[in-house]
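Listed here are the chains, written in short residue letters.
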Amino acid sequence: MRILVTGGAGFIGSHLCDRLVKEGHYVICLDNLYSGSKDNIIHLQKYSNFEFIRHDITQPILLEVDMIFNLACPASPIHYQNNPVKTIKTNVIGMLNMLGLAKRVKARILQASTSEVYGDPLVHPQREDYWGNVNPIGLRACYDEGKRCAEALCFSYHKQNNVDIRVVRIFNTYGPNMLPNDGRVISNFIIQALNNKPITVYGKGEQTRSFCYIDDLIEGLIRYMFLENSSKNVDLSGPINLGNPNEFKIIDLAKLVLKLTRSNSKITYKKLPPDDPSRRCPDISLAKRLFGFSPKTDLRTGLEKTIEYFRKIYNRSAN
Ligand code: UDP
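A brief look at the structure comes next. (Residues numbered from 1 in each chain as written. Predicted model: local features only at pLDDT ≥ 70, side-chain atom pairs only at ≥ 80, totals over all residues. Heavy atoms only, no water.)

## Considering empty space enclosed by the protein
So, step 1. Summed over the entire model, instances satisfying the criterion amount to 1 cavity of 30 Å³ or more.
So, step 2. When its volume is computed, the largest cavity comes out at roughly 30 Å³.
So, step 3. Taken together, I57, N70, A72, T90, N91, M95, Q111, K147 and A150 form the lining of the largest cavity.
So, step 4. Of all the secondary structure elements, the ones that give two or more residues to the lining of the largest cavity are α3 (84-105) and α4 (141-161).
So, step 5. Tallied by class, residues from the lining of the largest cavity come to 4 nonpolar, 4 polar and 1 charged. (1 Å grid on protein atoms, 1.4 Å probe; cavity = no way out; pocket = protein on both sides within 12 Å on 5 of 7 lines; lining within 4 Å. Points joined across faces, edges and corners; volume = space filled by probe spheres on them. Helix = DSSP H or I, 4+ residues; strand = E, 2+ residues; numbered from the N terminus. Nonpolar A, V, L, I, M, F, W, Y, C, P; charged D, E, K, R; others polar.)

## Details of α3
A turn of α-helix holds 3.6 residues, and therefore any two residues three or four places apart point the same way.
So, step 1. Look at α3: 31 Å from first C-alpha to last across 22 residues, which is about the 32 Å you get at 1.5 Å a residue.
So, step 2. Buried residues of α3: T87, T90, N91, G94, M95, N97, M98, L99, L101, A102 and V105, and no others.
So, step 3. Tucked inside the fold, the buried residues of α3 contact β1 (2-6), β4 (67-70), α2 (77-82), β5 (108-114), α4 and β6 (165-170).
So, step 4. Following α3 by one or two positions, K106 has its phi on the positive side, about 55°. (Expected span 1.5 Å × (residues − 1). Buried < 20%, exposed > 50% of the residue type's maximum accessible area, 1.4 Å probe, protein only. Contact = heavy atoms within 4.5 Å.)

## Section: the site of the ligand
So, step 1. For the ligand, the set of nearby residues contains 18 residues, the closest of which are T200, Y202, R209, D276 and R280.
So, step 2. The contact in question runs from an oxygen atom of the ligand to an N or O atom on the side chain of N172, over 2.9 Å.
So, step 3. If the ligand stood free it would expose 520 Å²; the protein chains cover 97% of that surface.
So, step 4. Looking at the shell around the ligand, the elements that each hand over two or more residues are α5 (185-194) and β8 (199-202).
So, step 5. A per-class count over the shell around the ligand returns 7 nonpolar, 5 polar and 6 charged. (Near = heavy atom within 4 Å. Polar contact = N/O pair within 3.5 Å; in protein donor to acceptor, adjacent residues only side chain to side chain. Areas by Shrake-Rupley, 256 points an atom, 1.4 Å probe, with all protein chains shown as cover.)

By themselves these figures say nothing about function.
What follows is the structure in structure tokens.
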């Protein structure tokens, strides 16, 4: 297959390119390198079935491909709030460009949507049929509403033009290749702990998240994208939740990181950012039923691997 991965040099995109290249597909990785990094894909440049194009999806592009994974968009609050207008453009204009491409070359397209479409959820855990509770003018709106509009575009192209869509709602994911400076809770806590700096818990740390290790997420993305429709009665368009349903309080995550890093850091409490969702946990029964999705990596094991990664990049930059 010829497969386009937009945002392919980012955290999730780079792991996806890795797996697809190793499975023998011809992979075109497209990224504007705003929050993606060449370091994440440099090891793939030696493969003849891998190609990198520096391009911003807000500009049209024509490529002959069979499948498109649309992952392009900064995903951490720091990065997507830095230029909110650009975030909306990436989600809306970028999505239009990618759906136009899919329509033209008859490619299947997977949209990386997000648990943020549920906002600060009033239903728990979140099932795909929950419509969400999003502040349309808040700090997170550029991302949340951008992703909601992108979903609406996918379903409109599907209904109107029969484009083969797969919409997946990704919950908090972590692992190697996360950016050290993007302010996500797991990278922040690990880096603070490794440097014996205070661990910054926002609010009282009572808010929850459910953390999925990157390898489990990639397995889910690939199973879903390659799933063929065996019955005309089943619509595989989605949306489908992907994530790990084990829910943790942020304060407990801080304590676990301290333990695993054997750090001397102390916990310090900071102001909770506006519109920070208080609970988040995916109901993944649909993904389980359709393609046997079942995350294997528990938080402790995943954190150990991620700590190892951050230790390595720090040792490398220190030497
Ligand atoms: N958080 C925290 N300390 C940090 C960074 C984040 O307590 O240094 C909290 C944040 O307020 C949120 C949770 O951890 O409740 C997850 O934050 P992240 O930015 O990783 O993801 P998102 O809020 O988009 O789920």
